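Observations on chain architecture
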Amino acid sequence: MKSKTYTVDENMIKFSSILDDKTNNGFVIVERNDTLPYAVLMKQKQKVNHVFNFCIFCATLGLWSIAWIYITQVSSKAKKILVAIDEDGNAFEENCYMG
């Protein structure tokens, strides 16, 4: 049976590594609580270069339109997520509502 402090330290290491991965992918920590462990992260909206996408659209005879719509509607939006470790030591991630 593992001791409680060993498990807590192991969970904090796992939590910190998840946060490091997310911050390397462009997320910024908005709120962090190490006692529960959870963090709210946010990724800013990205600007879409429509002139460049239109040139690719013309060069591919319209096939690029699917990717262009995806980039415009999904990838360029701001994202806010909650990353936490539950009491069993499992990491989970949920999307937060952005109003």
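The present account deals with the structure reproduced in this document. (Residues numbered from 1 in each chain as written. Predicted model: local features only at pLDDT ≥ 70, side-chain atom pairs only at ≥ 80, totals over all residues. Heavy atoms only, no water.)

Summing up its helical and strand segments, the protein has 3 helices and 4 strands in all. Order of helices (α) and strands (β) in the protein, N terminus to C terminus: α-β-β-α-α-β-β. Each principal axis of the C-alpha atoms in the protein carries an extent, and together these give about 65 × 30 × 20 Å. Here the protein, with 99 residues, has 18% of them falling under the buried criterion. In the protein, once contacts between residues fewer than 6 apart in sequence are set aside, the share between residues at least 24 apart is 41%. Accessible surface, the protein: about 7,400 Å² in total, of which carbon and sulfur atoms supply 59%. For the protein, the centre of its 11 positive side-chain charges and the centre of its 11 negative side-chain charges are spaced 12 Å apart. (Helix = DSSP H or I, 4+ residues; strand = E, 2+ residues; numbered from the N terminus. Buried < 20%, exposed > 50% of the residue type's maximum accessible area, 1.4 Å probe, protein only. Contact = heavy atoms within 4.5 Å. Areas by Shrake-Rupley, 256 points an atom, 1.4 Å probe, with all protein chains shown as cover. Lys, Arg positive; Asp, Glu negative; His and termini not counted. Charge placed at Lys NZ, Arg CZ, Asp CG, Glu CD.)

The tally for this structure, following the rule as stated, stands at 0 disulfides. No disulfide involves Cys55; its sulfur sits 6.7 Å from the nearest other cysteine sulfur, which is in Cys58. On the basis of relative accessible area, Cys55 is assigned to the partly exposed category, the value being 47%. (Disulfide = S-S within 2.5 Å.)

With antiparallel pairing, 4 strands are arranged side by side in an open sheet as E1-E2-E3-E4. Taken across any chain shown, the strands that pair with only one partner, and hence form the sheet edges, are strand E1 (28-33) and strand E4 (91-95). Strand-to-strand twist across the sheet, computed as the mean angle between neighbouring axes with direction ignored, equals 20°. Of the pairings in the sheet, the one linking strand E3 (residues 79-85) to E4 comprises 5 bridges and is antiparallel in character. Across the sheet, Ile85 pairs through a bridge with Ala91, a residue of E4. (Pairing = 2+ DSSP bridges. Axes fitted to C-alpha atoms, helices over the stretch in contact; angles between N-to-C directions.)

Moving on to the packing of aromatic side chains. On inspection of all chains with the given rule, the structure shows 2 aromatic pairs. With a centroid separation of 6.1 Å and an interplanar angle of 25°, the aromatic rings of Phe54 and Phe57 are classed as stacked. Of this pair, Phe54 and Phe57 are both found in helix H2 (residues 50-59), 3 residues apart, which corresponds to roughly one turn of the helix. The exposure class of Phe54 is partly exposed, given its relative accessible area of 44%. Here Phe57 falls in the partly exposed class, since its relative accessible area comes to 27%. The structure contains a cluster of three or more aromatic residues connected by ring pairs, namely Phe54, Phe57 and Trp68. (Phe/Tyr/Trp six-rings, centres within 6.5 Å; stacked < 30°, edge-to-face > 60°.)

Now for the side chain of Ser76. Residue position: Ser76 is located in the loop between helix H3 (65-75) and E3. Reaching out from Ser76, the side chain makes a polar contact with the backbone oxygen of Thr72 at a distance of 2.8 Å. For Ser76, the residues in contact, after removing those within four places along its chain, are Lys45, Gln46, Val48 and Ile71. (Polar contact = N/O pair within 3.5 Å; in protein donor to acceptor, adjacent residues only side chain to side chain.)

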